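# Structural overview for review
Here's the letter readout for the chains.
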Amino acid sequence: MPTIAKHGDVRPELARDLGLSHAGAVVVGTIIGSGIFLVPAEMMQAVGSARLVYLAWMVGGLLSFFGALTYAELGAMKPQAGGEYVYVRDAYGPLAGFLYSWTTFLISKPASIATITTGLVRILGTFPALSFFPRAFVSQPFTVNYGQLVAVAATVVISWLNYIGVRRAGEFQFLFTLLKVAIILGIVAVGFSYSGGTWANFATEFAGAKGGIAGFFAALVAALWAYDGWNDLNMVAGEIRNPQRNVPLSLIWGVATVGALYILVNAAVQYVLPAAAVAVSERPASDAIALVLGRAGAGLVSAGMAISMLVTLNGSIMSGARVPFAMARDGYFFNAIAEVHPRFRTPSVALIVQCGLAIVLLLLGGSFRQFFSLAIFAEWLFYMITGSTVFVFRRREPQAERPYRVWGYPVVPALFIVVSAALLYYTFTDNLKSSVSGCLVILAGIPVFYIFARHRATSLK
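My aim in this report is to walk through the structure given alongside it, one point at a time. (Residues numbered from 1 in each chain as written. Predicted model: local features only at pLDDT ≥ 70, side-chain atom pairs only at ≥ 80, totals over all residues. Heavy atoms only, no water.)

### A look at the nonpolar core
Here is the rule we go by: Buried Ala, Val, Leu, Ile, Met, Phe, Trp, Tyr and Cys residues that are joined via side-chain atoms within 4.5 Å together make up what is termed a nonpolar core. Think of it in three bands: residues with accessible area under 20% of the maximum for their type are buried, residues over 50% are exposed, and the middle band is partly exposed, with areas taken using a 1.4 Å probe on protein chains only. Secondary structure elements follow DSSP: runs of H or I no shorter than four residues count as helices, runs of E no shorter than two count as strands, and numbering proceeds from the N terminus.
Counting 141 residues, the largest nonpolar core has M43, W57, F98, W230, L233, Y262 and W380 as its most contacted members. Here the element with the most residues in this core is helix 5 (residues 94–124); it accounts for 13 residues.

### Some details on empty space enclosed by the protein
Here is the rule we go by: Cavities and pockets are defined on a 1 Å grid built over the protein atoms alone: a cavity is a set of grid points where a 1.4 Å probe fits but cannot escape, while a pocket is an open set with protein on both sides within 12 Å along at least five of seven lines, and lining residues are those with an atom within 4 Å of any such point. Grid points are joined across faces, edges and corners, and a volume is the space filled by probe spheres set on the points. Classification convention: Asp, Glu, Lys, Arg as charged; Ala, Val, Leu, Ile, Met, Phe, Trp, Tyr, Cys, Pro as nonpolar; all other residues, Gly among them, as polar.
All chains considered together, the criterion is met by three cavities of 30 Å³ or more. Taken as a whole, the largest cavity encloses approximately 120 Å³ of empty space. Lining the largest cavity are 18 residues, and of these T30, I116, W225, D228 and T312 sit closest to its centre. Mapped by element, the contributors of at least two residues to the lining of the largest cavity are helix 1 (20–31), helix 5, helix 8 (212–227), helix 13 (295–320) and helix 16 (368–396). Taken together, the residues of the lining of the largest cavity sort by class into five nonpolar, nine polar and four charged. If you add up the space inside the second largest cavity, you get close to 80 Å³. What lines the second largest cavity is simply E84, Y100, T104, S108, K109, N231, D232, M235, A378, E379, F382 and Y383. Mapped onto the lining of the second largest cavity, the elements with two or more residues apiece are helix 5, helix 9 (232–235) and helix 16. Along the lines of polarity and charge, the residues of the lining of the second largest cavity split into five nonpolar, three polar and four charged.

### What about the pattern of salt bridges?
Selection criterion: Salt-bridge detection follows one rule: a side-chain nitrogen of Lys or Arg within 4 Å of a carboxyl oxygen of Asp or Glu.
Throughout the structure, instances matching the rule amount to nine salt bridges. A salt bridge links E73 to R402; its shortest N-O distance comes to 3.3 Å. With E73 in helix 3 (residues 50–77) and R402 in the loop between helix 16 and helix 17 (411–430), this pair connects stretches of sequence that are 329 residues apart. Judged by its relative accessible area of 9%, R402 is buried. A salt bridge links D90 to K78; the nearest nitrogen and oxygen atoms lie 3.1 Å apart. With a gap of 12 residues between them, D90 in helix 4 (residues 84–92) and K78 in the loop between helix 3 and helix 4 connect regions that are remote in the sequence.

### Section: a nonpolar patch on the surface
What counts is decided by this rule: Each patch is assembled from residues with relative accessible area greater than 30% and no salt bridge, linking like charges that lie within 9 Å and nonpolar side chains (Val, Leu, Ile, Met, Phe, Trp, Tyr) that lie within 5 Å. Surface accessibility follows the Shrake-Rupley procedure with a 1.4 Å probe radius. Residue values consider only the protein chains on display as shielding.
On the surface, a cluster of nonpolar side chains totalling about 300 Å² of accessible area is made up of L20, L249 and W253. With respect to the secondary-structure elements, L249 resides in helix 10 (residues 243–272).

### Brief notes about the packing of helix 2 (residues 35–47) against helix 8
Our working definition: Structural elements are reduced to axes, namely lines fitted to C-alpha atoms, with helices fitted over the stretch in contact, and the angle between N-to-C directions of any two is expressed from 0 to 180 degrees. In what follows, roughly perpendicular refers to angles from 65 to 115 degrees, roughly parallel to angles under 35, roughly antiparallel to angles over 145, and oblique to any angle outside these ranges. Here, residues are in contact when the closest pair of their heavy atoms is within 4.5 Å.
Closest axis-to-axis distance for the helix 2/helix 8 pair is 8 Å, and the angle between their directions is 175°. As summarised for this structure, helix 2 and helix 8 are arranged roughly antiparallel, according to the angle between their axes. On helix 8, the residues that touch G35, I36, V39, M43, A46 and V47 of helix 2 are G215, F216, A218, A219, A222, A223, W225 and A226. The residue makeup of the contact of helix 2 with helix 8, split by class, is 12 nonpolar, two polar and no charged.

### Notes on the side chain of S388
With respect to the element layout, S388 can be found in helix 16. Beyond its immediate sequence surroundings of up to four residues, S388 is in contact with Y92 and I417.

### Examining the packing of helix 1 against helix 10
As a reminder, the rule being used: Handedness of each helix crossing follows the sense of rotation of the near helix against the far helix: counterclockwise by less than a right angle gives left-handed, clockwise gives right-handed.
Running from N to C, helix 1 and helix 10 cross one another at 35°; their axes reach a closest spacing of 8 Å. The hand of the helix 1/helix 10 crossing is right-handed. Contacts from L20, A23, G24, V27, V28 and I31 of helix 1 reach helix 10 at R245, N246, L249, S250, L251, G254, V255, V258 and Y262. Taken together, the residues of the contact of helix 1 with helix 10 break down into 10 nonpolar, four polar and one charged.

### Here we look at helix 12 (residues 284–293)
All of the buried residues in helix 12 are P284, A285, S286, A288, I289 and A290. Elements that come into contact with the buried residues of helix 12 comprise helix 2, helix 7 (166–192), helix 10, helix 11 (275–280) and helix 13.

### Examining the environment of Y425
Mapped onto the elements, Y425 comes out in helix 17. C-alpha of Y425 to C-alpha of T155: the two residues are 270 residues apart in sequence and 32 Å apart in space.

Structure, rendered in C-alpha cells:
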C-alpha cells in the first residue's frame, strides 16, 4: 500500500508483482550466466585434473546451498526490499547496514554487471561478423572499443526493461530462463552423443596447472562466481507475492537445480575434451559442441550463451537497485534514490544511477577476471557477515515468526561462515590489489555514513 509522505502526498510503493515462477527464475536465471561456460578452463588451469575440478564444483555448490538455506530463513522472516541490507542493519546497526549497501552500490553490483556484459562481449566476439569488437571506436582521451560500447548498450537496455516495470522484467526472466535451461540440457545431450567421446578423459591431467591449496582455492573462486547470484532474490523480496513461502522455496530448489545442471554440463564437456584441451580453451562448451556438430553447432551454443548472460544481467540489475533504494528509504542516502516511479512502481532513480556506475566501470576497461575478482571479494565478505545474522536473530528474537527455519542449524550456517572466511583470506592474498581497493572503498563509507546520519537527525527534528 502507498504511504503518506512528510507533506501529505501519497508516496508510491514497490509493487508485489512477482509470483513463485518469477522468483524461481530470478534464482536459476541469475545464477546461470557466463560462469558455467567460461570458468571451466580457469578451473582446469588452477587444479589440473577433472577430479579436482569436480571437487571444486561440489564444494562451491554445497557452500552456495548452505548459504541459500541460511538466506531462506532470513528472507522469510524479513521479506523487505534490500535483502542483506535489512538483515545486517537489524542485526548490527545502521552503520553496518550502510557499509554493506555502500559496498554493493559502488563495488559489487557495478563490477558484477561489468563482468556479465564483458563475458557477453567475449562470446559475441567469436562470431566472424563481430570480430571487430576489439577495435578502437575512440582513442582520445582514452581508448574505448566497439566491444565496450556493446557492453554499455546491453546494460542500458536491460536497465530500461527494469525501469518500466518489475513484472515485465520478471516475465522476461521467466521465459528466457526456460530457454537457457533447454539450451543447457541440449548441450549435455549433444556432448554425450559424441562418438569420439570417452570416459577416459575424466582421468586426464593438465601439466601446467597452478596446483596445491592455492590452485584449489583459485578453482573454488571461479566455481563460486559461476554459482553467484543465489542471494539476489532476497533483495527483491519486497516485490514477491507470499514471500514467506515463495522465497525459501525458490532459493532451495533453485540452487539445487543449478548445481545439478552445472555438474551435467561439466561432465558433457569432459566427456568430449581431455583436461589439456579444456585448460587451453576460452569457451570449452562451444569447442566441445564444435567437435560434435561442427562450427555451426558451436555458433548456436554461443548464441545461447549470449541469451543466458542477458537473463543473468536482468536478474542482477533488478536486484542491485533495491539495495541503495532501501538504504535511502531509511534516510541514510540521497532522497532521490528512494523514489518510486509513480506509474511503473519501480526504484527508477536507483536503476539509473546503478546503470551509470556500471557504464563508468565498463568504459574504464578491464578483463573478465579482473572484474569478477573485484566483485567476489566484496560479495563474500558480506555473505559471511549476513550469514552470521541468523545467530543474532535466533538469540535476540527467539519468539519471532519464522515461516522457514534453516535446516541443520547451527551447523549449516556455521560452516557457511567458516568456509566464507577461508575463501576471503585466499581471495585477499591472491588478489591483493583488488581486495585492498575493495577494503578502502568500504572504509571510505564510514565518514559518508556519519554525514548522512547527521543530516537525517537534523531532518527528523
